[in-house]
Amino acid sequence: ESYKRIAQTDESIKAFLTLNEDGARAAAAELDKLLQEDGERGLLFGLPAGIKDNIVTEGLLTTCASQFLSNYDPIYDAAVVKKLKAAQSITIGKLNMDEFAMGGSNENSSFFPTRNPWNTDYVPGGSSGGSAASVAAGQVYFSLGSDTGGSIRQPAAYCGIVGLKPTYGLVSRFGLVAFASSLDQIGPLTKNVEDSAYVLQAIAGYDPMDSTSANVEIPDYLSSLTGDVKGLRIGVPKEYLGQGIDPKVKESVLAALKQFESLGATWEEVSLPHTEYAVATYYLLASSEASSNLARFDGVRYGVRTDNPDNLIDLYRKSRSQGFGDEVKRRIMLGTYALSSGYYDAYYLKAQKVRTLIKQDFDNVFENYDLIIGPTAPTTAFRIGEQVGDPLTMYLNDICTIPVSLAGVPAISVPCGFADGMPVGLQIIGKAFDERTVLRAAHAFE
Ligand code: GLN
């Protein structure tokens, strides 16, 4: 069914980079056999899944939408892929993204841009744009994405689906091609909140192979979906509804807050005073980490190597200048600069200090509130090509999601209406490791 739907729709959506048709059929046959033998069914039994192309899959190309890795065929499965297999879901294929997850529109894919299923002239968001579009178009039942500064939540909002970024450390990053290791988290993109809880249940958990994995007890997420939000205290940051936010998006968010009131929750305006520094802080830290992480792509160990280099330095230089796209180069240069001696204290170290202040903003609000709610993105999806020449505008699309990533706390985006025919996302942010309350509120609302 999935492949039929992909054949019907992917010519216009272009969500997939690689299909796993033979592998999927073999996996389905195994499950059929299991059914006949009355074997035990996994949590995600038979569900067709799409995987973002920066999550490694054994024997299935993993390109990060980069020319550099266009031939990279991993020899192992990421921890999350192993967990999906254990839960008996079926991997349908690998999904398009911004190159190395750098971007917010999918236009930075070095292969082709994915299109928004609601209107194919519009971007699906990014960087997990293929993951969001494939779920919205009904090609797969759910997908996995990665979120460094908004890359699960923003495309979920633009495509009218549910996207969850778990608490940093809840889901193993082993086998996720690193962009900014102190921020990267894998999470589910689904049609509804219940599915999100199912997928999270399957992928969460401690992994000694990821040194930042948290050794915490995994609660039962499904039992948190009670429908009851009576007495929940919600803080609404004034910085998320002020300047730069589309009035129609704001209207949808206020209507959502009314709905929470009618369900018995209360809300008040709060302040996250360091929000204005979040985007600058993020681009310094994420680019610094990226410049270091992407040093491994040298033309020797992974991916494509240049032809006929003069010497070793020439091999590095040519492989990297041919393999990486413009946005990736921009970030490597910015990060290398911020980390270089003489500038480190002024930029990288300063940004680390501001990150602490941003995290403290959240700690302060969470002393008195259970959740923080606002828009996922300041606008709805924009037209393909509209912002390509303007990286700064593009960076500002993440103003509501980046602070959450810097603080490491969980957040979900759920659909909350439409503006000019395109979906609007509501962002529900929780305390660290309190995915249960986030899911409960999202489920009661949707
Ligand atoms: N759009 C942001 C960026 O370009 C976020 C990307 C992400 O979360 N991977 O960095």
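Residues numbered from 1 in each chain as written. Predicted model: local features only at pLDDT ≥ 70, side-chain atom pairs only at ≥ 80, totals over all residues. Heavy atoms only, no water.

As recorded in an unreviewed UniProt entry, the protein chain goes by the name Glutamyl-tRNA(Gln) amidotransferase subunit A, listed as coming from Paenibacillus baekrokdamisoli. UniProt, in the comment section headed Subunit (unreviewed entry), describes the protein chain in these words: "Heterotrimer of A, B and C subunits." The record held by UniProt for the protein chain lists under Catalytic activity (unreviewed entry) the comment "L-glutamyl-tRNA(Gln) + L-glutamine + ATP + H2O = L-glutaminyl-tRNA(Gln) + L-glutamate + ADP + phosphate + H(+)". (UniProt positions renumbered as here; feature names shortened; annotations may be inferred.)

## Quick word on helix α3 (residues 79–86)
Structural remark: α-helix, 3.6 residues per turn; residues separated by three or four positions point the same way. Those residues of α3 not exposed but buried are Ala79, Val80, Val81 and Leu84. As for α3, its buried residues are in contact with β2 (48–52), β4 (142–147), β6 (185–190) and α6 (193–203). The positive-phi residue at the C-terminal boundary of α3 is Gln88, with phi of around 70 degrees. (Buried < 20%, exposed > 50% of the residue type's maximum accessible area, 1.4 Å probe, protein only. Helix = DSSP H or I, 4+ residues; strand = E, 2+ residues; numbered from the N terminus. Contact = heavy atoms within 4.5 Å.)

## Examining the pairing of strand β9 (residues 371–375)
Extensive coverage of β9 is indicated by the burial of five of its five residues. Here strand β7 (residues 233–237) runs beside β9; their pairing, made up of two bridges, is parallel. Residue Gly235 lies in a different strand from β9, and its bridge partner there is Ile372. As judged from the five bridges shared by β9 and strand β11 (residues 422–430), these two strands associate in the antiparallel manner. Bridge pairing links Ile373 to Ile428 in β11. (Pairing = 2+ DSSP bridges.)

## A look at the pattern of salt bridges
Here the structure, examined in full by the defined rule, presents 16 salt bridges. Its salt-bridge partner being Lys94, residue Asp53 comes within 3.1 Å of it at the nearest N-O pair. Placement of Asp53 in the loop between β2 and α3 and of Lys94 in strand β3 (residues 90–95) is noted, with a sequence separation of 41 residues between them. You'll find Asp53 and Lys94 in the same group, each marked buried. The salt bridge partner of Arg233 is Asp370, with a shortest N-O separation of 3.1 Å. Of the two residues, Arg233 is situated in strand β7 and Asp370 in the loop between α11 (345–366) and β9; the sequence distance between them amounts to 137 residues. The network of salt bridges with shared partners includes Asp314, Arg317 and Lys318. (Salt bridge = Lys/Arg side-chain N within 4 Å of Asp/Glu carboxyl O.)

## Quick word on the site of the ligand
What surrounds the ligand is a group of 15 residues, the closest being Gly149, Ser151, Tyr282, Arg331 and Asp398. Between the ligand and Thr148, the relevant distance is 2.8 Å, taken from an oxygen atom to a main-chain nitrogen or oxygen of the residue. Within the contact set of the ligand, an oxygen atom lies 2.7 Å away from a side-chain nitrogen or oxygen of Ser151. The protein chains hide 99% of the 300 Å² of surface that the ligand would expose on its own. When grouped by side-chain class, the residues that make up the shell around the ligand number five nonpolar, seven polar and three charged. (Near = heavy atom within 4 Å. Polar contact = N/O pair within 3.5 Å; in protein donor to acceptor, adjacent residues only side chain to side chain. Areas by Shrake-Rupley, 256 points an atom, 1.4 Å probe, with all protein chains shown as cover. Nonpolar A, V, L, I, M, F, W, Y, C, P; charged D, E, K, R; others polar.)

## A word on the nonpolar core
The nonpolar side chains of a soluble globular protein tend to be buried, and buried together. Ranked by size, the top nonpolar core spans 110 residues in total, and within it Phe100, Phe260, Phe362, Leu426 and Ile428 carry the most contacts. When residues in this core are grouped by element, the largest group, eight residues, is from helix α8 (residues 278–293). With residues near it in sequence (within four places) discarded, Ile428 still touches Phe260, Leu371, Ile372, Ile373, Pro410, Ala411, Ile412, Val414, Val438, Ala441 and Ala442. With 21 residues, the next largest nonpolar core counts Tyr3, Ala15, Ala24 and Ala132 among its residues. (Core = buried A, V, L, I, M, F, W, Y, C linked by side-chain atoms within 4.5 Å.)

## A word on the packing of helix α7 (residues 247–262) against helix α14 (residues 435–445)
When two helices pack together, their arrangement is captured by the angle between the axes and the distance separating the axes. Interhelical geometry of α7 versus α14 gives an angle of 100 degrees and a closest axis separation of 10 Å. Regarding the angle of α7 to α14, the classification is roughly perpendicular. Packed against α7, whose contacting residues are Ala256, Gln259 and Phe260, the element α14 presents Ala441, Ala444 and Phe445 at the interface. (Axes fitted to C-alpha atoms, helices over the stretch in contact; angles between N-to-C directions. Parallel < 35°, antiparallel > 145°, perpendicular 65-115°, else oblique.)

## Overview of the packing of aromatic side chains
Each aromatic ring pair is summarised here by two numbers: the centre-to-centre distance and the angle between the ring planes. Counted according to the given criterion, the structure contains 16 aromatic pairs. By way of ring pairs, the aromatic residues Phe68, Tyr72, Phe100, Phe297, Tyr302 and Phe324 are connected into one cluster. Positioned above the aromatic ring of Phe45, the side-chain terminus of Arg41 is 4.6 Å from the ring centre. (Phe/Tyr/Trp six-rings, centres within 6.5 Å; stacked < 30°, edge-to-face > 60°. Lys NZ or Arg CZ within 6 Å of the ring centre and 35° of its normal.)

## Looking at the state of the cysteines
The final tally for this structure, using the stated rule, is zero disulfides. The thiol sulfur of Cys159 is not disulfide-bonded, and the nearest other cysteine sulfur, from Cys416, lies at 15 Å. Note on Cys400: no disulfide assigned, nearest cysteine sulfur contributed by Cys416 at a separation of 12 Å. Its relative accessible area of 1% is what places Cys400 among the buried residues. (Disulfide = S-S within 2.5 Å.)

## Some words on the sheet that holds β11
The 11 strands lie next to each other as β1-β3-β2-β4-β6-β5-β10-β11-β9-β7-β8, forming an open sheet whose pairing is mixed. Each edge of the open sheet is held by one strand with a lone partner, namely β1 (16–19) and β8 (266–270). Ignoring which end each strand starts from, the neighbouring axes of this sheet average 30 degrees apart. α14 contacts β9, β10 (411–419) and β11 of the sheet and is inclined by roughly 20 degrees relative to β10.

## Topic: helix α9 (residues 312–323)
Across its 12 residues, α9 extends 16 Å between first and last C-alpha, which sits within 8% of the 16 Å expected from 1.5 Å per residue. When α9 is considered as a whole, its buried residues turn out to be Asp314, Leu315, Ser319 and Gly323. Viewed end-on, α9 has its buried residues packed into an arc of 135 degrees, placing them on one side of the element. What points out from α9, more than 90 degrees from its buried face, is the exposed set Ile313 and Arg317. (Expected span 1.5 Å × (residues − 1). Arc of directions from axis to C-beta.)

## Quick look at the UniProt feature "active site" (unreviewed entry) in the protein chain
The positions UniProt marks with the feature "active site" (unreviewed entry) are Lys52, Ser127 and Ser151. A stretch of 100 residues holds the annotated residues, and the largest C-alpha distance among them is 11.0 Å, short enough that they meet in one place. The residue Lys52 is located in strand β2 in this model. With residues near it in sequence (within four places) discarded, Lys52 still touches Lys94, Leu95, Met97, Ala101, Ser127, Ser128, Ser131, Leu144, Gly145, Ser146 and Ser151. A distance of 2.8 Å separates polar atoms of two side chains, one belonging to Lys52 and the other to Ser127. Checked against the element boundaries, Ser151 lands in the loop between β4 and α5 (153–159). The residues touching Ser151, leaving out its near neighbours within four places in the chain, are Lys52, Ala101, Gly103, Gly126, Ser127, Ser128 and Ser146.

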